[in-house]
Amino acid sequence: MTKEEMKKKLEVSKLAIFGGSPAFPEKLHVGRPNIGDREVLVRRLNEALDRKWLTNRGPLVQEFERTIARYTGVKHCIAMCNGTIALEIAIRALGLKGEVIVPSFTFIATAHALQWQEITPVFCDVRTSDFTLDPSRIEELITPRTTGIVGVHLWGRPCDILHIEQIARKRNLKILYDAAHSFGCSYNGRMIGCFGDAEVFSFHGTKFLNSLEGGAVVTNDDDLAKKIRLMKNFGFDGYDTVIYIGTNGKMNEFSAATGLTNFEAIDQFVEVNRRNYHVYKRELAGIPGVHFVEYNEREKCNYQYIVIIIDETKTGLDCNSLVKIFHAENVLVRRYFYPGCHQMEPYRSFFPHAKMLLPNTERYSPRVMSLPTGTSVQPEQIVAMTSLLKYLLRNADSIKSTLKKA
Ligand SMILES: *Cc1c(COP(=O)(O)O)cnc(C)c1O
């Protein structure tokens with residue numbers, strides 16, 4: 001929809017949520033896959049088929065691992081079938097047990113990867129500057145059972161690595177970073193991937209770099225890397241020898257082919273995402289009650305997540321209503337991450353009072369909205385989406401009363 005068409009939609013009753021036709025004929029998504037050169041991909045797939053080597057550390061997986069390791073400046077990359085298994089294996093290989101400190105303001109897999117192996121996630125609040133772990137709230141959560149910290153580089157914004165590492169060193173804790181959002185981002189000029197005891201990437205279809213499904217553990221620790229390699233392949237060390245407990249975390253050749261091909265296009269993906277980010281930033285500037293979460297552009301960024309925070313007291317419409325209205329208009333904004341892991345099962349039942357210690361998570365997670373971007377989203381569409389948002393907020397009172405009647 002163009003700005004002109006937007007103007008025609010002057011009456012609130014013509015909004016799709018009230019029965020009008022959607023402003024956008026086709027759905028706009030958050031996290032549509034970024035796809036590289038198809039011909040190159042098909043060639044790689046054919047080569048894999050010709051080789052008849054489809055999994056078990058084939059040449060494409062090995063090449064993908066070398067590529068990721070080189071790019072992130074880390075010694076070891078162990079590619080896996082997805083980010084969740086990569087987290088689970090990294091947690092186990094690091095010897096985490098008992099309690100582990102982790103934000104609640106994250107995708108549920110971060111907490112599940114711990115609880116799945118009977119490790120208690122101890123939810124820590126986030127700071128409001130970037131919604132990553134608040135280092136000043138970590139130490140109060142440490143008990144004799146605490147073995148580690150899992151930080152999350154939320155929306156491609158690195159955690160306060162410096163302070164987290166100071167605490168971990170002082171208290172003798174392991175550090176793992178969930179870097180699922182942060183492939184291609186840097187912290188103090190060094191690529192995310194080389195920090196902590198290990199970091200985990202996800203290459204899921206919605207992520208900046210995708211291998212269909214996929215993930216990886218990256219680490220500079222030789223022994224840890226060796227252990228993880230065994231663990232992701234049932235503990236096999238040679239044909240008939242198992243020397244470790246393990247599971248099946250292997251990446252397959254088709255995923256590696258996709259990951260390698262997409263990797264070759266990441267500069268283009270960043271360029272498109274960066275362009276989109278700046279259009280959003282320009283169009284959303286100065287709207288009362290709409291806080292645009294910025295990237296630190298002195299660092300490398302993947303610009304994969306466009307996030308706004310809605311202050312209902314100033315916008316007149318709450319995030320939940322806006323999400324419903326946008327969905328009706330075919331703008332599939334997402335609530336990353338609402339309501340926070342501590343509000344979901346089993347954690348909600350395990351820790352009914354967790355929210356007492358999570359004021360920022362409680363306050364901000366109901367207000368976050370991720371907006372569509374990526375290689376499928378054009379600047380004109382962004383202008384139209386943001387015009388729609390501005391229209392909604394200008395007419396907040398009348399929309400709210402119509403919503404109440406509906
Ligand atoms: C996507 C994601 C994961 C899980 O990765 P998968 O590859 O989908 O298993 C874990 N943590 C965060 C923060 C994520 O966004």
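Our subject is the structure listed above.
Residues numbered from 1 in each chain as written. Predicted model: local features only at pLDDT ≥ 70, side-chain atom pairs only at ≥ 80, totals over all residues. Heavy atoms only, no water.

**Q** Requested: an account of the environment of Trp53, with residues and values cited.
**A** Summarising the element assignment, Trp53 is placed in the loop between helix H2 (38-51) and helix H3 (59-72). Between the C-alpha atoms of Trp53 and Arg145, which are 92 residues apart in sequence, the distance is 45 Å. Not counting residues within four places of it along the chain, the set of residues in contact with Trp53 comprises Ala48, Gly58, Pro59 and Glu253. At 2.9 Å, the side chain of Trp53 forms a polar contact with the backbone oxygen of Thr55. (Helix = DSSP H or I, 4+ residues; strand = E, 2+ residues; numbered from the N terminus. Contact = heavy atoms within 4.5 Å. Polar contact = N/O pair within 3.5 Å; in protein donor to acceptor, adjacent residues only side chain to side chain.)

**Q** Residue-level account of the sheet that holds strand E9 (residues 198-202), with values.
**A** Spatially, the seven strands line up as an open sheet ordered E2-E10-E9-E6-E5-E3-E4, and their pairing is mixed. A single partner strand is all that each edge strand has here, and the edge strands are strand E2 (76-80) and strand E4 (120-124). Adjacent strand axes in the sheet meet at a mean angle of 25° when their direction is disregarded. Sheet topology places strand E3 (residues 99-103) next to E4; five bridges connect them, and they run parallel. Paired with Val102 across the two strands is Phe123, which belongs to E4. On top of the sheet, helix H4 (residues 83-93) reaches E2, strand E6 (174-178), E9 and strand E10 (215-219); it is set at about 165° to E9, its chief contact. Where helix H7 (residues 222-231) meets the sheet, it contacts E2, E9 and E10, and its direction lies at approximately 20° from that of E2. (Pairing = 2+ DSSP bridges. Axes fitted to C-alpha atoms, helices over the stretch in contact; angles between N-to-C directions.)

**Q** Describe the site of the ligand, naming the residues involved and giving the relevant values.
**A** Contacts to the ligand come from 14 residues, most closely from Gly83, Thr84, Asp178, Ser202 and Lys207. Within the side chain of Asp178, an N or O atom sits 2.7 Å from a nitrogen atom of the ligand. Ser202 is positioned such that a nitrogen or oxygen atom in its side chain is 2.7 Å from an oxygen atom of the ligand. Broken down by secondary-structure element, the contributors of at least two residues to the shell around the ligand are H4 and helix H5 (108-115). (Near = heavy atom within 4 Å.)

**Q** I'd like a rundown of the nonpolar core, residues and numbers included.
**A** Among the nonpolar cores identified, the biggest contains 104 residues, and Ile68, Trp155, Met369 and Leu392 are the most heavily contacted of them. Ranked by the residues each element gives to this core, the list is headed by helix H14 (residues 379-394), at nine residues. Both domain 1 (3-32 + 266-333 + 372-405) and domain 2 (38-263) contribute no fewer than three residues apiece to this core. Residue contacts for Leu392: discarding those within four places in its chain leaves Leu15, Leu317, Leu322, Ile325, Phe326 and Ile399. By size, the runner-up hydrophobic cluster in this structure holds 32 residues, among which are Ala93, Val102, Ile119 and Val217. (Core = buried A, V, L, I, M, F, W, Y, C linked by side-chain atoms within 4.5 Å. Buried < 20%, exposed > 50% of the residue type's maximum accessible area, 1.4 Å probe, protein only. Domains from an automatic or database assignment.)

**Q** Please provide a residue-by-residue account of the environment of Arg363, values included.
**A** Along the chain, Arg363 turns up in helix H13 (residues 359-364). Distance from Arg363 to Asp267, taken between C-alpha atoms, is 36 Å for residues 96 residues apart in sequence.

**Q** Please give an account of the sheet that holds strand E14 (residues 368-371) that cites residues and values.
**A** Pairing is antiparallel across the open sheet formed by three strands, whose spatial order is E11-E12-E14. Each having just a single partner strand, strand E11 (290-292) and E14 make up the two edges of the open sheet. Going from strand to strand, the sheet's axes swing by 30° on average, the running direction of each strand aside. Where strand E12 (residues 306-310) meets E14, four bridges bridge the pair, whose relative direction is antiparallel. Looking across to E14, one finds that Ile309 is bridged to Val368. Packed on one face of the sheet, helix H9 (residues 266-284) meets E11, E12 and E14 and runs near 150° to E11.

**Q** Tell me what's going on with the packing of aromatic side chains, and back it up with residues and numbers.
**A** Within this structure, the stated rule accounts for 23 aromatic pairs. Arranged with centres 5.9 Å apart and planes meeting at 90°, the rings of Phe105 and Trp155 form a pair that is edge-to-face. Of this pair, Phe105 sits in the loop between E3 and H5 while Trp155 sits in the loop between strand E5 (146-152) and helix H6 (161-171), and the two are 50 residues apart along the sequence. For Phe105, a relative accessible area of 1% corresponds to the buried category. Assessed through its relative accessible area of 0%, Trp155 is described here as buried. Aromatic side chains Phe183 and Phe201 sit 5.1 Å apart centroid to centroid with 85° between the ring planes, which places their arrangement in the edge-to-face category. Linking Phe183 in the loop between E6 and strand E7 (186-187) with Phe201 in strand E9, this pair joins segments that are 18 residues apart in sequence. Both residues of the pair, Phe183 and Phe201, count as buried. Sitting above the plane of the Tyr295 ring, Arg157 keeps its charged end 3.4 Å from the centroid. The lysine or arginine in question, Lys207, covers the ring of Phe107, its NZ or CZ lying 6.0 Å from the ring centre. (Phe/Tyr/Trp six-rings, centres within 6.5 Å; stacked < 30°, edge-to-face > 60°. Lys NZ or Arg CZ within 6 Å of the ring centre and 35° of its normal.)

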